[in-house]
Amino acid sequence: MTVTDLPLPADQRRRSAPETQLRRRRPVSHWLQPTIVVLLVVALLGVPFWMVVVTAGKDQAEALNPNLSLPSHWQLLENFGTVLTQGRMVPAFLGSMLVMVPSVLGVLILGSMASWVLARRKSRLISVVYALGISGIVLPPAVVTIVLLLRQLGLAGTAVGMIGVYMGMYLSTVIFFVTGFVRTIPVELEEAARVDGAGPVRVFARIILPLLGPTLATATILICLYIWNDVFYALFVVGGRLDTLPLNLYQVASSGLYLQNWHLIFAYVILMSLPLLLTFVVMQRKIIAGITSGAVK
Amino acid sequence: MTAQLTPRRTRPSHPDPAITGSVPTPGRARRQDHPLWFLIPALAVLVVFFFIPTLFNFVYAFTNWSSFHSDIQFVGGDNFTALLQNGTLLADLRTTLIYAVLVAILQNLFGLVLALVLEADTRINRIARTAFFVPVVMSALAVGYIFQALLKPEGGLNAILGFFLGHEVTIAWLGSTTWTLLVVAIIHAWKWMGLSMLIYLAGLKTIPGDVLEAARIDGSGWWSTFRSIRFPLLAPAVTFNVATALLGSMNGFDIVQATTAGGPGGSTELLNIFIFRTFGQGLFAQATTMSLSLFVMVTLLAFPVIYFLRKREDVLS
């Protein structure tokens, strides 16, 4: 990123400060800021995540009142095993993938196609379509009547219906990101290909689509995050009919009749969070650069 | 980028209409270069899965659609009257609005403070930035369960408070009809503060060094530089963060469902919680009525807010 090529204001201030001030301040600021950072991380993140890990390692009796103490004996792996079978995690993982992958691919392809035309043509109709296309960023989906519509279409409770709902919700995000980006691609690039005899499909697939890579990566990250973690829309559309990871977590957490099985809930939370966490840790530079690029300009 | 250097190709002004189809020519009209049918698949999905359900909202909110009737009949504004009379409509709108405002304020406050603390590009700061982004990646439902456990009267937070205060603390953080809404808003802000932090960090980096240099030469301290130079220049980041926080929390469900499920006494019942609950009871028309109310509230609020925030940016440039 651009951290190094910008002059850091803090350094400048220090460098040009009078010698006496420099000698007095520097040692304090040297340990003060890192101390604050460590305290913030421990208090805001350390405490909740510590509780998750120790509770996930306890047995049911010990986890009855989740606290910060260590388990008397660790049974983290047994608890993982229990939620894998009782929480039907493998079908849930597959179900999550089954709705996420087609939804994301679908919005990327359909959204890019539409965005290309929306960015290149100019007319009143096109601006109206564009405004409608991005309105979903702001407007909340009509979650109850979607269910009615899916019943009428015979798609209620099916993966196809869920995919359609997610696509309808997140096409706006793709159209918004991609249309803005296509406008920055010079038309001459397309014309060069057109002279060589390429039709619109070829121009789109060979010239435009490859250039969209970084923008589509950003959209992919955001939409994957939303769909992978969504439980609200899934409860309405496929609740009880299809396993997804958040839906099954909801079931594991709601099924305790008198008491909640905190050790199982948190074992589930750990396993469920791992795929996205690993993806994030491996790709964090790209993810962070992608998310921040569009927002501040 | 090299494309800008290539000369613009000249095109014959009147393309021959006979030469179309399989024979490509360099001189075809613009319209065929970007055919409208490229819009059709996306529009079809949007119309079927977004716009038609939204239109249905305006229809079925005025019917008696429920799992108790086999047929659906128009009942006029009966649903609205009923929800107004038992106070749910206004109470839930109010709760959702307060929640959204609290989240927008807190999420931005936390995010901005984190960004300022972690601004310098040191190793420990980079690690901390990554750590604070972890809750953003996690499921909101999971976050809700974590805090439900942590905030129990005999839970972890009270244990820590008791340790520092020297006596037992048994505050029911999620049991107050007044303050729990604030507690849940703090949890929501906690989950998303890492995203706000990232946006603010990126915004802080765009502020030119010479502006800050000039302020320093004029004798401006840290706070006055921040208040009169750095914060105003963060306007685009504020716009993005406030807008996303408002929209995200007005559509909020997961965190509230996992911590309080709308309680105690309905004091944290967001519109989406009501919609989910009444839908589960088979009262589809009432759920639709609330869904329509949410739609209207978001429409009435989001556009003016975004417009106002954008105006603030214009003043800068």
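Residues numbered from 1 in each chain as written. Chains lettered and ligands numbered in written order. Predicted model: local features only at pLDDT ≥ 70, side-chain atom pairs only at ≥ 80, totals over all residues.

Caption draft 1: Up close: the overall build of chain B. The number of helices and strands found in chain B is 14 helices and zero strands. Counting the 317 residues in chain B, one finds 41% classified as buried. By sequence separation, contacts in chain B at least 24 residues apart represent 69% of the contacts at least 6 residues apart. (Helix = DSSP H or I, 4+ residues; strand = E, 2+ residues; numbered from the N terminus. Buried ≥ 20, exposed ≤ 12 C-beta atoms within 10 Å, placed from the backbone. Contact = placed C-beta atoms within 7 Å.)

Caption draft 2: How the structure looks around the overall build of chain A. Looking only at helices and strands, chain A has 14 helices and zero strands in total. Counted from the first residue to the last, chain A has its helices and strands arranged as α-α-α-α-α-α-α-α-α-α-α-α-α-α. Taking all 297 residues of chain A together, the buried fraction comes to 44%. In chain A, the proportion of contacts linking residues at least 24 apart, taken out of those at least 6 apart, comes to 73%.

Caption draft 3: Just helix α9 (residues 200-211) of chain A, in detail. Residue and element names in this part refer to chain A. In this model, α9 (12 residues) spans 16 Å end to end at C-alpha, consistent with the 16 Å of a helix rising 1.5 Å per residue. Considered for burial, the residues of α9 that qualify are P200, V203, F204 and I208. Across the axial projection of α9, the buried residues extend over an arc of 95°, all falling on one side. Across α9 from its buried face, at more than 90 degrees, point the exposed residues V201, R206 and P210. (Expected span 1.5 Å × (residues − 1). Arc of directions from axis to C-beta.)

Caption draft 4: Looking closely at the nonpolar core. In terms of nonpolar packing, the biggest core is built from 168 residues, with L171, V237, L249, Y268 and V269 of chain A touching the most fellow members. Here this core spans two domains, since at least three of its residues come from each of domain 1 (9-56) and domain 2 (89-295) of chain A. Excluding residues that lie within four positions of it along the chain, V269 of chain A makes contacts with V52 and L249 of chain A together with A142, Y145 and I146 of chain B. (Core = buried A, V, L, I, M, F, W, Y, C linked by C-beta atoms within 7 Å. Domains from an automatic or database assignment.)

Caption draft 5: Quick look at the interface of chain A and chain B. Across the boundary between the two partners, chain A contributes 87 residues, which contact 83 residues of chain B. Sort the elements by how many residues they give to the side of chain A that touches chain B and helix α2 (residues 19-56) of chain A lands first, with 11 residues. Partitioned by chemical class, the residues of the side of chain A that touches chain B number 63 nonpolar, 17 polar and seven charged. (Nonpolar A, V, L, I, M, F, W, Y, C, P; charged D, E, K, R; others polar.)

Caption draft 6: Seen up close, the packing of helix α4 (residues 89-120) of chain A against helix α10 (residues 213-229) of chain A. All names here are of chain A. Direction vectors running N to C along α4 and α10 enclose 145°, while the axes themselves pass 10 Å from each other. The chirality of how α4 crosses α10 is right-handed. For the pair α4 and α10, contact is made by S96, V99, M100, S103, V104, V107, L108 and S112 and by L216, A219, T220, I223, C224, I227 and W228, respectively. Partitioned by chemical class, the residues of the contact of α4 with α10 number 11 nonpolar, four polar and no charged. (Axes fitted to C-alpha atoms, helices over the stretch in contact; angles between N-to-C directions. Left-handed = near helix turned anticlockwise from the far one by under 90°.)

Caption draft 7: View of unusual backbone geometry. Phi at R88 of chain A is positive, roughly 45°, even though this residue is not glycine. Residue placement: R88 of chain A occurs in the loop between α3 (76-86) and α4. Taking the number of C-beta atoms within 10 Å as the measure of exposure, R88 of chain A has 18 and is therefore partly exposed. In the Ramachandran plot, A261 of chain B falls in the positive-phi region, its phi being about 55° despite a non-glycine side chain. Summarising the element assignment, A261 of chain B is placed in the loop between α12 (254-259) and α13 (271-280).

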